[in-house]
Amino acid sequence: MCIEMAPHNGTLGKEGPAGVQVWSTSFDQIAHLDTDPKLITEAMGVNYKPDAKYKLAIIDQADAVKYADAETIVPTYGNLTKFVEDKLPGKVENPALTKEVMTPEYSREYEALIKEMPEDAWSDPLGRARYLRRKGLNAEEGKAFDTRFSIQSNTGANEHYTGNGLTKTISSTVDEPVYGAVEAFSLHKSPKTFRQMTGMDGGTQWVELVDLEPINFGA
């Protein structure tokens, strides 16, 4: 997986109510992208940050199960919906709408809305509500958006999420997708820090961190 550089006492992925949630793929799916963080993030359906420093985390999945109590699924609409229902009770807004928004049809609506959402609306619920009203959404449509938005906040399934087990490259759309890597979604129920995973504390190393640098293709 491609990660932004974090302190050694940090963890992989996004911390959630049930553990650390990690989106990843197999190494062979991105080996052709070399060390370029922009190419890798785009293929993984992750918004690239030009000012960030990235590393590639190569994870031994068998050891992840052993040391971090990892549980991995193929994040299809059905599987991720079940994860939300089983692992995140009370965390997702309007949970009765979860199945309704975890569909290809709603993904198209969500991507279009997220694409134009102002930066401050990400952290400001009132600003988000004003934006949705400006876009002409009624109360029920607003609830559907809030449900999908809270699923993204709690799992990392962003606007590029396809629900079919494949990533969608950033440059494509839901209507005209260009698929990238096969993806996996893991929950580390007993998460470890980078120091522990990389053996810096003297234990078993089961994660290798590789510096990522943009490839210079020349003029």
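In what follows, the structure referred to is the one given above.
Residues numbered from 1 in each chain as written. Predicted model: local features only at pLDDT ≥ 70, side-chain atom pairs only at ≥ 80, totals over all residues. Heavy atoms only, no water.

Here we look at the sheet that holds strand 3 (residues 19–24)
For the record, the criterion: Following DSSP output, two strands are said to pair if at least two bridges run between them. A run of H or I in DSSP becomes a helix once it reaches four residues, and a run of E becomes a strand once it reaches two; helices and strands are each numbered from the N terminus. Every axis corresponds to a line fitted to the C-alpha atoms, with the helix fit spanning only the stretch in contact, and the corresponding angles, defined between N-to-C directions, vary from 0 to 180 degrees. We call two residues in contact whenever any of their non-hydrogen atoms come within 4.5 Å of each other.
The strand order across the open sheet formed by four strands is 2-3-8-5, and the pairing between neighbours is antiparallel. Across the chains shown, the open sheet's two edge strands, defined by having one partner strand only, are strand 2 (14–16) and strand 5 (70–73). On average, each strand axis in the sheet is tilted by 25° relative to the strand beside it, whichever way the strands run. Examined bridge by bridge, strand 5 and strand 8 (residues 184–188) share four bridges and lie antiparallel to one another. Counted as the bridge partner of Ala70 is His188 from strand 8. Across the sheet, helix 8 (residues 139–155) lies against strand 2, strand 3 and strand 8, angled at about 95° from strand 3, the strand it touches most.

Observations concerning the packing of helix 6 (residues 104–116) against helix 8
Here is the rule: Roughly parallel means an angle under 35 degrees; roughly antiparallel, over 145; roughly perpendicular, 65 to 115; everything else is oblique.
Contact geometry of helix 6 with helix 8 gives a least axis separation of 11 Å together with a crossing angle of 85°. Relative to helix 8, the element helix 6 lies roughly perpendicular. Only Glu141, Ala144, Phe145, Arg148, Phe149 and Gln152 of helix 8 make contact with helix 6, whose side of the interface consists of Tyr106, Tyr110, Leu113 and Ile114.

Digging into the packing of aromatic side chains
Rules: In summary, the pairing rule links any two rings of Phe, Tyr or Trp, Trp by its six-membered ring, whose centres are within 6.5 Å, and it sorts them by plane angle into stacked for under 30 degrees, edge-to-face for over 60 and tilted for everything else. The buried label applies to any residue whose accessible area, calculated with a 1.4 Å probe on protein chains only, is under 20% of its type's maximum; exposed applies above 50%, and partly exposed to all values in between.
Counted under the stated rule, the structure contains ten aromatic pairs. When the ring of Tyr67 is compared with that of Trp206, the centres are 6.3 Å apart and the planes differ by 20°; the resulting orientation is stacked. Linking Tyr67 in helix 3 (residues 61–68) with Trp206 in the loop between helix 9 (194–197) and strand 9 (207–211), this pair joins segments that are 139 residues apart in sequence. On the basis of relative accessible area, Trp206 is assigned to the buried category, the value being 4%.

Let's talk about helix 8
To keep it simple, the criterion reads: What a helix should span is 1.5 Å times the count of its residues minus one. Contacts described as polar in this section are N or O atom pairs within 3.5 Å, which, within protein, must combine one atom able to donate a hydrogen with one able to accept it, while residues neighboring in sequence count only if both atoms come from side chains.
Taking 1.5 Å per residue, 17 residues should reach 24 Å; helix 8 reaches 24 Å between its end C-alpha atoms and fits that length. For helix 8, the complete set of buried residues consists of Gly142, Ala144, Phe145, Thr147, Arg148, Phe149, Ser150, Ile151, Gln152, Asn154 and Thr155. If you check the start of helix 8, you find a side-chain oxygen 3.1 Å away from the backbone N of Glu140, and it comes from Asn138. Phi turns positive, to about 90°, at Gly156, one or two residues after helix 8.

Re the environment of Ile59
Along the chain, Ile59 falls in strand 4 (residues 54–59). The exposure class assigned to Ile59 is buried, which follows from its relative accessible area of 19%.

Notes on helix 7 (residues 125–134)
Stated precisely, the cut-off is as follows: The reported arc concerns the directions from the helix axis to the C-beta atoms and nothing else.
Considered for burial, the residues of helix 7 that qualify are Gly127, Arg128, Tyr131 and Leu132. Viewed along the axis of helix 7, the buried residues span an arc of 140°, placing them on a single side of the element. Among the exposed residues of helix 7, those pointing more than 90 degrees away from its buried face are Leu126, Arg133 and Arg134. Where helix 7 is buried, its residues touch helix 6 and helix 8. If you check the start of helix 7, you find a side-chain oxygen 3.2 Å away from the backbone N of Leu126, and it comes from Asp124. Two residues or fewer past helix 7, Gly136 is found with a positive phi of approximately 90°.

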